[in-house]
Structure formats: structure tokens, C-alpha cells
Amino acid sequence: MEMVQTKVHHKKRQVVIFIILIILWEAGSESIQYSILEETESGTFVANLTKDLGLRMGELAARATQVVFKGNRQYLQFDPETCDLLLNEKLDREELCGSTEPCVLPFQVLLENPLQFFQAALLIRDINDHAPEFPAREMLLKISEITMPGKVFPLKMAQDLDAGSNSLQSYKISSNPHFHVLTRNRKDGRKSPELVLDKALDREEQPELRLILTALDGGSPPRSGTTKIQIVVLDINDNTPEFTQEFYEAQVPENSSLGSLVLTVSARDLDAGSFGEVSYALFQVDDVNQPFEINANTGEIRLRKTLDFEEFQSYQVDVEATDGGGLSGKCCLVIKVLDVNDNAPELTMSSLTSPIPENLPEIIVAVFSVSDADSGHNQQVTCSIDDNLPFLLRPSVENFYTLVTEGALDRESRAEYNITITVTDMGTPRLKTEHNITVLVSDVNDNAPAFTQTSYTLSVRENNSPALHIGTVRATDRDAGANAQVTYSLLPPLDAHVPLASLVSINPDNGHLFALRSLDYEALRAFEFRVGAADRGSPALSSQALVRVLVADDNDNAPFVLYPLQNASAPCTELVPRAAEAGYLVTKVVAVDGDSGQNAWLSYQLLKATEPGLFGVWAHNGEVRTARLLSERDAAKHRLVVLVKDNGEPPLSASVTLHVLLVDGFSQPYLPAPEAEAADAAPAAPLTVYLVVALASVSSLFLFSVLVFVAVRLCRRGGAASVGRCSVPEGPFPGHLVDVSGTGTLSQSYQYEVCLTGGPGTSEFKFLKPIHPNFPPQGTGREMEENPTVRNSFLFS
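Here the structure is a predicted model, which means the values were calculated and not measured.

Reading the values: rules and limits
- Throughout, a residue's number is its position along its own chain's written sequence, starting from 1.
- With pLDDT at 70 or above as the cut-off, local features in this predicted model cover only qualifying residues; side-chain atom pairs require 80 or more to be listed or tallied, and sums for whole chains, interfaces and linings still use all residues.
- With hydrogens and water set aside, each side-chain value is computed from the structure's full complement of heavy atoms.
- Each helix is a run of DSSP H or I of at least 4 residues and each strand a run of E of at least 2, with the numbering of both proceeding from the N terminus.
- In what follows, a contact means two residues having at least one pair of non-hydrogen atoms within 4.5 Å.
- We call two N or O atoms a polar contact when they sit within 3.5 Å, provided that within protein one can donate a hydrogen and the other can accept it, with sequence-adjacent residues counted only if both atoms are side-chain atoms.
- Confidence scores labelled pLDDT are given residue by residue by the predictor and lie between 0 and 100.

On to the environment of asparagine 341. Residue placement: asparagine 341 occurs in the loop between strand 25 (328-338) and strand 26 (346-352). For the pair formed by asparagine 341 and glycine 376, sequence separation is 35 residues and the distance between their alpha carbons is 9.8 Å. Not counting residues up to four positions away in its chain, the partners in contact with asparagine 341 are Asp374, Asn378, Asp425, Gly427, Thr428, Pro429, Arg430 and Leu431. A distance of 2.6 Å separates a polar atom in the side chain of asparagine 341 from the backbone oxygen of proline 429.

Laid out in C-alpha cells, this is it:
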């Protein structure tokens, strides 16, 4: 887009090229000149540039050679395959140069990489393709019969558009006894005919003559043009009109309005009457190109067409004054056209490179030329661009400029530049032309992908389904195109023991992370790995981020009872003396849960009991205690079912069965366990029965004696012992032995012993020495005073 304005609104860098410098440069430059005949067919060979410029074969094509003419016309074309200059179109010398001779079209040969200019010119040689033409088919002359021989009468000139020897050369007239014609060379180079009287005229003998005037050019063969001359012989008129000046000069600005007065000519005739009345006319009238008109009565010459200094710089006009008797006089008028600043500068873009790569300094973006059709000071121009752009304008040969980058560009900061090149002349008022170009910056892979976070923390619940999407990592790249396309990958694990390849995978296109298999919180609670992001540029750039995966616990483990064991070959029976008070510790149920958090918080409750209300279970530590005083009416054997439940959602549970036997001191040395009662035995032989009864009596007596002895010893020590298959400390458990948080996990310092009986049917038993852990003194509000009564636990088979 180009705009012409008359004022410069903002400060710009300016580079001024003066016409004088151009002329000096041209004078010191060697120019190559080619010539060709006008009207030659297009495609005609003109020259081979490789030979003329002294370059290597193929160099012109490799350097993007261009042929640049003024005004953005392309008269010649360059063939990159043959490096020949060919005629691009038929050329008409008269159209291109008019009457100017020689007709020379200067041009430049532009080479890139590196930038280089060669000056050249194309000479258009004339051919004789135009015949002379007169402005009118017939001319009228009125000549007095008293005119003396030798009198010269100027005639209207013929015009020939050809130049040189092909232009108009001479005139001739048809054979007659009274006149001959002369060819006069004018100061402007043109040739005008003059009719010379050879023999006096006699109106009474021949009042009218008709002649043919022929104009000849110098072509081979010559061309000609003709016009008719009608001569009317007049009666006596002694005086011809005479102009006050034989030669007039005037100057007219080219922007003068139509009808403007150029000057006034004046002629006088000494005759009286109608012979003294003078009228004016333009002698050489070309209705097509003549920009002037004259008032026949006043001699005022005015402008009838717009002038253009760039087309014609001056005009030579002949004015004829004619009196009433037909006699005439002539004067010459030279009108010079003054140049005004009426042409805006022109910009011709020869080369434009877009896009240009970033990170490279001083790249040639554009090559262009500027010109102004005006002359003198009006032709001087300045060229500028905006100050806030990272580009520079550098003058080159003649009127050429190069637009280069000031430094390395960064596409990520700015990917497109709209550059306005302003060309301003130095005339008054100043005219300017603006040419807008858009320059794109191409991407270079100079930015590595960047993750949105330096580390990611993901959470996944255990027992997940395989191929579960657990999270996404994301990286962005400031580059463009393939340089910004990011590919994700898993890097080698930080811990070699973590089987990363079997745990997670990543989608290389979008960074989605997937769990490959079901995770188990109890086996793997957390793991870390690195993720890489690489672009697809050349060379590829990459970055990495740390990913930490936390496995969230799920309630997938039911409580597990450690004590009492339920898979023993014989059940465990707890012995409780009938004299035990309320709150007496019968035993403690110990359980653990493989889960964590609230999923591992355990609670205990008594699910079933033989006699409800006799025993109770503490909800938080699993201690089974008597709920009230025992009495003789209470059954001796009790079966308790304790439920252990976690706090998960949904909750999981386990149950344990306890057997409790109420005893009166040691008065019952043997009680079979409820689960050990056998079915009705077959009747034995009488002798066998007697032997068994006798053996049992002796054994019972011996056992009772031993028990009494042991009881006395224990009473003396002031302690109570628990004997049996399972032995636990008396009294409330110290606070540090149980998990006060309610997880149900048995403390490592809690100890117990398990005693196994001999084979079935034997009466052997073992005294178990109580284990007294060395606990630090603690006091709790829940401690109960224990009855010094001996608490025993026996295992019967």
C-alpha cells in the first residue's frame, strides 16, 4: 500500500541521496551498453551476462540475479538457465523517448549473496517506421501581385516521429515557374520549409496557383508526406504587419491553471483601412499536442491544456499576424515550462526476503530503488523507516537501498514486523510516498521445553484398575512448528530397585501418566521417577521434572487376631476365681490390621456371651474383664465371642471365641474344656473300669497335694501366678503396652508365653513362671486394685 502525504509527522532516520552524487557516481562507473532495433520481436537474444560480467558459470542463477529498470518496467528478462538477456516485449522508440536522441534506457543488474550491482544501458535504435506528416492537408497563402521576386514565405512544417537519419530531411515542391522551396534548419533541430518567389505574380494573368509540397525523410527507402498549397494573388497592399519583437520568451509553471495568460504579442500595419487591421493566429498548429491558444484580436496567448514538465520542458510556437489585405508577418515564441514539485517519489521493490531466520544479525531483508520524476531540488529525496524497529536502511549504488536487520531477532519476542518505508522529496511542499512491507521471523530451535511445575505429586488409591490415568505432566515450548512439538518419556528411575517399567507408563504426545498394574499400599507406599520432555527440533532440546506418586490406603485388610490363637489343636480356657471382683482382668484380645490411618483403628465389642452382663470388653484395648462380682449361682463354664472391627469404609471385622472357667480356688483340679467333651464312650470291661478308677484316685490325690504345696508357696511370696497354656500378666495392662491410638497393634514390649500340654490322656501339667516385664511406673485413672487371690490358667487335655 502506498500513500502520498505532504508532511512528515514523526522523527525518522534519514538517508539523503543528492542528484550531484548520483551524477558523480555515474561518471566514475563503468557501464555496459547493449543496443537493439525498435519493434524487434519479444524473446530476441540481447546478450549473455556471464560473459559480459566476467562471472563463473552458474553463478548468476545461484545469486538470484534480477534486472531492474526505472519505473518498475521490465523491458528485458533474465533466463537463469542460459544466463541470457532476452527482449521481454516489442519496444517503440518514439513511445519511450519521443524526439530524444539517442534513446537510452539505463538499468541495473542486481546480484544477491553478497549484494552486488552492475550498471548497464539499453540503446533503442530507430527504424524508419514513420512517414513525415503535415499538420494540415492544405495551406492558404495570399500574396500581393507587387511582391518582388526573392521574397520568402514561411510554410508549416511537417513532423516525423523517427530520429536521426530516419527523421525529416528535406522538402520539395511541385514544378512551377514562380516558386521554389528551401529547407531551413531551426535552432531546435527541426527543419522548416520556406517558399521563395522566383517570378513576379500577375493577378490579371493568374489569380490563383495550386502547388504540392512534399516532405522527405532520410530512410532507406525514404518515406514522404504531402500537403497542398493554395496561393491567392492579391491586389496591391503596400505594407505587411510587423511584430514589435521578432523573438519572444516566456516561462510558465507546469501547475498553471487552464486559461492562464502566458504573454501577449503585438504587431502593427502602416496601411490604412482594412489593410491596416491585424489578426493573430498560431502559425504551426498541432491540435493534439498544442497546449496554447491565441486571441485573434488581442494577441493574448493563453493555456488551454495542462502542462507537464516531465513530458515537455519547452515549446517553440510561431505566431502569424495578417492584415486585411492578406499580407502577413511572423514572430517566434519560446515558452519554457517551469518545474514544480508535483510528483511524489516512487519506490520500486527489487527483492524482498520473508520470512527471515531469528538469531542471525545483519540479514538483507529488502533491496529497493527510489526515484522522483521532478527535477533539481524537487528531485532530491530522503528515505527513512520508524526508529523503534530493529532494522537499518543503507544506501547502495545509485538510487538503491538495502534494508537490513540491526541485530539478531527473537521470534519468541516478536514474530512479525510491519515496516513502513517513507520516501520524501525536498521540494516545496514536500511530497512523500509510503510503502508497507510485512516481514515474518522464522523459528530456530533455541528454547527447550519447560514443565509447568518442577515437580509433581500424584495420588492413587491402592487396588486401582490397570491402565488407570493417574495424572498429567505438561511442558510447553516457546518455539513454533516442529520445534514446539513436545514428546514425553520416562527417564531411568532414581532407585534401581523400583520396577518403574511395570508400574507406570506415559503417553508421549500429551503427557498422560497411567498405572500399569494394581498397586498395594502395604507393599509400596510411594515411589519417585523422572519425566523428560523433548522437542522435535534439530538439534532436539529437552528438560525433565520429578514425579512423586503416593499410594493411598484402601480398607482391604480385615483385622487379624494375634491372641488368643484360634487354630491351636486344643482350645484355650481362661480360669477365673469366683472370688474375683468386678473389673477383674480375664484376658486381653490382641489384633492387628495391615491397613493404615483410620482403616487400622480397631474397636472391640462383646458379640455373644453365655451369660450376658457377666463379662465386658473394653472397646479400645480389647481387655476382657468381669462386669460384676461373681457368685455361686453363676455357671462354671462360659463362652464369649469378641468382635474386632476396623474403622474403614466399609468396616471389616474378625471374631474370636474365648472359654472362661470359673473355679473355687484350686478345688477343681481338672475340668475338661467344653470343646473337649467326648461322645459317649463304649462300656469298658469291669476290670478295666476298676483299674482306671483306682489310678485316677491315686493321681488325683497326688495332684491335690502338689497343688496345696504350690498354693502355700505362692501365698508366701504374696504374688499370684497364672498357669496354663496361655499366660498374661495380672492386672491392667500398662499403658505403653497397648496402642492408645486405637490401631490395635501389639506393642513390641508386650510378652506372653504359650504352654503346650503333653499327649492326650496324660495327667502331666506344668507350672508356668509368670513373666514380669520391667515397666516404668505409670498411673492411670483406670487402674483397679487387684485381689491377691491366685489367678491360674490351666490347660487340660
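Next comes the rest of the description.
Another point: unusual backbone geometry. Here the amide bond leading from threonine 428 into proline 429 is cis, since omega sits at -5°, within 30 degrees of zero. Mapped onto the elements, proline 429 comes out in the loop between strand 32 (416-425) and strand 33 (432-442). Residue proline 650 is bonded to the preceding glutamate 649 through a cis peptide linkage, with omega at 0°. Positionally, proline 650 belongs in the loop between strand 50 (637-646) and strand 51 (653-663). For glutamate 39, which is not a glycine, the phi torsion comes out positive at approximately 65°. Tracing the chain through its elements places glutamate 39 in the loop between strand 3 (32-37) and strand 4 (45-48). Positive phi, normally seen in glycine, also occurs at asparagine 113, with a value near 55°. Within the element layout of this structure, asparagine 113 appears in the loop between strand 8 (103-111) and strand 9 (116-125).

Chain-level statistics for the chain give a pLDDT mean of 80 and a share of 81% at 70 or above. Here residues 1-29 is modelled with pLDDT under 50, and outside its nearest four sequence neighbours on either side it reaches 66 contacts, counting other chains as well. Counted against residues more than four places away or in other chains, residues 666-684, with its pLDDT under 50, gives 23 contacts.

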